[in-house]
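Coordinate inspection notes
Residue-level listing of the chains:
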Amino acid sequence: MIAVSKVYEKLEQCFRPQECTDVFPIIGEQCHNTDEIGRVFTATFASDEVFAALDAQDAHDCLLFTHHPAPQRSDLNAPAPAIAQRHFDWMRQRRVNLFSYHIPLDRNSEWSPGTNLARAVGLTPYEEFYEQNGVRMGLLCRSTWTTLDELVNALARAVGHEVRTYPYGGPGLSEGRVAVMAGGASNRAIYSELREKGIQAFVTGVTNPAVSWVAGIHEEARQNGVSLVGGGHYSTEKFAPMAMVRFFENLGLPAQFIPETPNMAEL
């Protein structure tokens, strides 16, 4: 067993949450039910599916570390749903703490969604872009590919399911260069920046134009000749909590990633 305060201290030293803001009201510990933990579970969302997996494993005296302190959206135009009260009751009974880093984990680093998505797809980052909530979280990457199809196939292999392509940039990749922003990117101004940098393809998560904040993105991408390649919110961000298993193991804690079902309506 390890004092959870020591674990939180290591997380704060690595991710520096005081340097950013967030879209969620609480950064870090969401609920506290134990001072000592024997293991860690990591997940992308704090979803019903994750809590069912924890219950099936009789999890107790542990930490649940998630990227999002909320479940996945079922209604893509609604705010993030709240965690059901029964899950807080269950965590209290089982002495489980919930800790979430959203923007702190998004910041480009060894552990971030962007870095680990690029690694999983086979891309090599060379420059940062896209600032949100005080951190840089997008990456410009190089590849050995010359076509959009090669990129799409590599992303599909990495996430384990079909992906969606909007080929506004044509069939080629300029010098194999690709932009990556896991999860989603709401800033419409980035597409002129990507065009100026010679980027013809942008890998991200949510690309369905039926989503209210995505609708205007397609016009900007079309005008600037940047193809959108959507892999889904969960599927493009899952590589960060997967990598965090190693972070916690380095602290001497057994750790396990809990997979979830992607929402294919996001593509």
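This is a predicted model, so every value here is computed, not measured. (Residues numbered from 1 in each chain as written. Predicted model: local features only at pLDDT ≥ 70, side-chain atom pairs only at ≥ 80, totals over all residues. Heavy atoms only, no water.)

What to know about the overall build of the protein
- Scanning the protein from N- to C-terminus turns up 10 helices and 13 strands.
- Relative to the compact-globule value of 18 Å for 267 residues, the protein shows a C-alpha radius of gyration of 19 Å, a close match.
- Considering only C-alpha atoms, the protein reaches an extent of 55 × 35 × 30 Å along its principal axes.
- Looking at the protein as a whole, 54% of its 267 residues are labelled buried.
- A separation of at least 24 residues holds for 76% of the contacts in the protein among residues at least 6 apart in sequence.
- Only carbon and sulfur atoms are counted for the fraction: they give 48% of the accessible area of the protein, which is about 11100 Å². (Helix = DSSP H or I, 4+ residues; strand = E, 2+ residues; numbered from the N terminus. Rg over C-alpha atoms; globule rule 2.2 N^0.38 Å. Buried < 20%, exposed > 50% of the residue type's maximum accessible area, 1.4 Å probe, protein only. Contact = heavy atoms within 4.5 Å. Areas by Shrake-Rupley, 256 points an atom, 1.4 Å probe, with all protein chains shown as cover.)

With respect to the packing of aromatic side chains
- Scanning the entire structure with this criterion turns up 14 aromatic pairs.
- Here F129 and Y130 contribute two aromatic rings whose centre-to-centre distance is 6.2 Å and whose plane-to-plane angle is 80°, an arrangement assigned as edge-to-face. Accessibility assignment for this pair places F129 and Y130 in one class, buried.
- Each member of the aromatic cluster is reached from another via a ring pair, and the members are Y8, F15, F65, F99, Y101, W111, F247 and F248.
- Directly above the aromatic system of Y126 lies the positively charged group of R142, at a separation of 4.1 Å from the ring centroid. (Phe/Tyr/Trp six-rings, centres within 6.5 Å; stacked < 30°, edge-to-face > 60°. Lys NZ or Arg CZ within 6 Å of the ring centre and 35° of its normal.)

Overview of the side chain of T34
- If you trace the backbone, T34 turns up in the loop between β2 (28-31) and β3 (36-37).
- A distance of 2.8 Å separates a polar atom in the side chain of T34 from the backbone oxygen of E36.
- Leave out the neighbours within four places in its chain, and T34 touches V4, D61, C62, R95 and N97. (Polar contact = N/O pair within 3.5 Å; in protein donor to acceptor, adjacent residues only side chain to side chain.)

Structural notes on the pattern of salt bridges
- Enumeration over the complete set of coordinates arrives at 12 salt bridges.
- For R107, the salt bridge goes to E19, with nearest N and O atoms at 3.4 Å. Here E19 lies in the loop between α1 (4-15) and β2 and R107 lies in the loop between α4 (103-106) and α5 (113-121), a separation of 88 residues in the sequence.
- Between R177 and E175 there is a salt bridge; the shortest N-O distance is 3.8 Å.
- Here R177 falls in the buried class, since its relative accessible area comes to 18%.
- Judged by relative accessible area, which is 64%, E175 ranks as exposed.
- Residues joined by salt bridges that share partners form a network here, namely R16, E19 and R107. (Salt bridge = Lys/Arg side-chain N within 4 Å of Asp/Glu carboxyl O.)

Concerning the environment of P25
- Tracing the sequence through the fold places P25 in the loop between α1 and β2.
- Overall, P25 belongs to the exposed group, its relative accessible area being 82%.
- Once the C-alpha coordinates of P25 and Y168 are considered, the two residues, 143 residues apart in sequence, prove to be 37 Å apart.

Re the sheet that holds strand β6 (residues 96-100)
- Sheet architecture is open: five strands sit in the order β2-β6-β5-β4-β13, paired in mixed fashion. Two strands bound the open sheet, and with one partner strand each, they are β2 and β13 (255-257). Taken pair by pair, the neighbouring strands of this sheet meet at an average axis angle of 25°, ignoring direction.
- In this sheet, β6 lies alongside β2 in antiparallel orientation, the contact comprising three bridges. (Pairing = 2+ DSSP bridges. Axes fitted to C-alpha atoms, helices over the stretch in contact; angles between N-to-C directions.)

So, the side chain of D22
- Relative to the elements of secondary structure, D22 occurs in the loop between α1 and β2.
- Of the polar contacts made by the side chain of D22, one reaches the backbone nitrogen of F24; its length is 3.3 Å.
- At 3.2 Å, the side chain of D22 and the backbone nitrogen of I103 are in polar contact.
- Excluding residues that lie within four positions of it along the chain, D22 makes contacts with I27, H102, I103, P104 and N133.

Considering the packing of helix α2 (residues 48-56) against helix α3 (residues 85-94)
- At a closest axis distance of 11 Å, the pairing of α2 and α3 adopts a crossing angle of 30°. As far as their axial angle goes, α3 and α2 are roughly parallel. Judged by the twist between their axes, the crossing of α2 over α3 is left-handed. Residues D48, F51, L54 and D55 of α2 pack against R86, H87, W90, M91 and R94 of α3. (Parallel < 35°, antiparallel > 145°, perpendicular 65-115°, else oblique. Left-handed = near helix turned anticlockwise from the far one by under 90°.)

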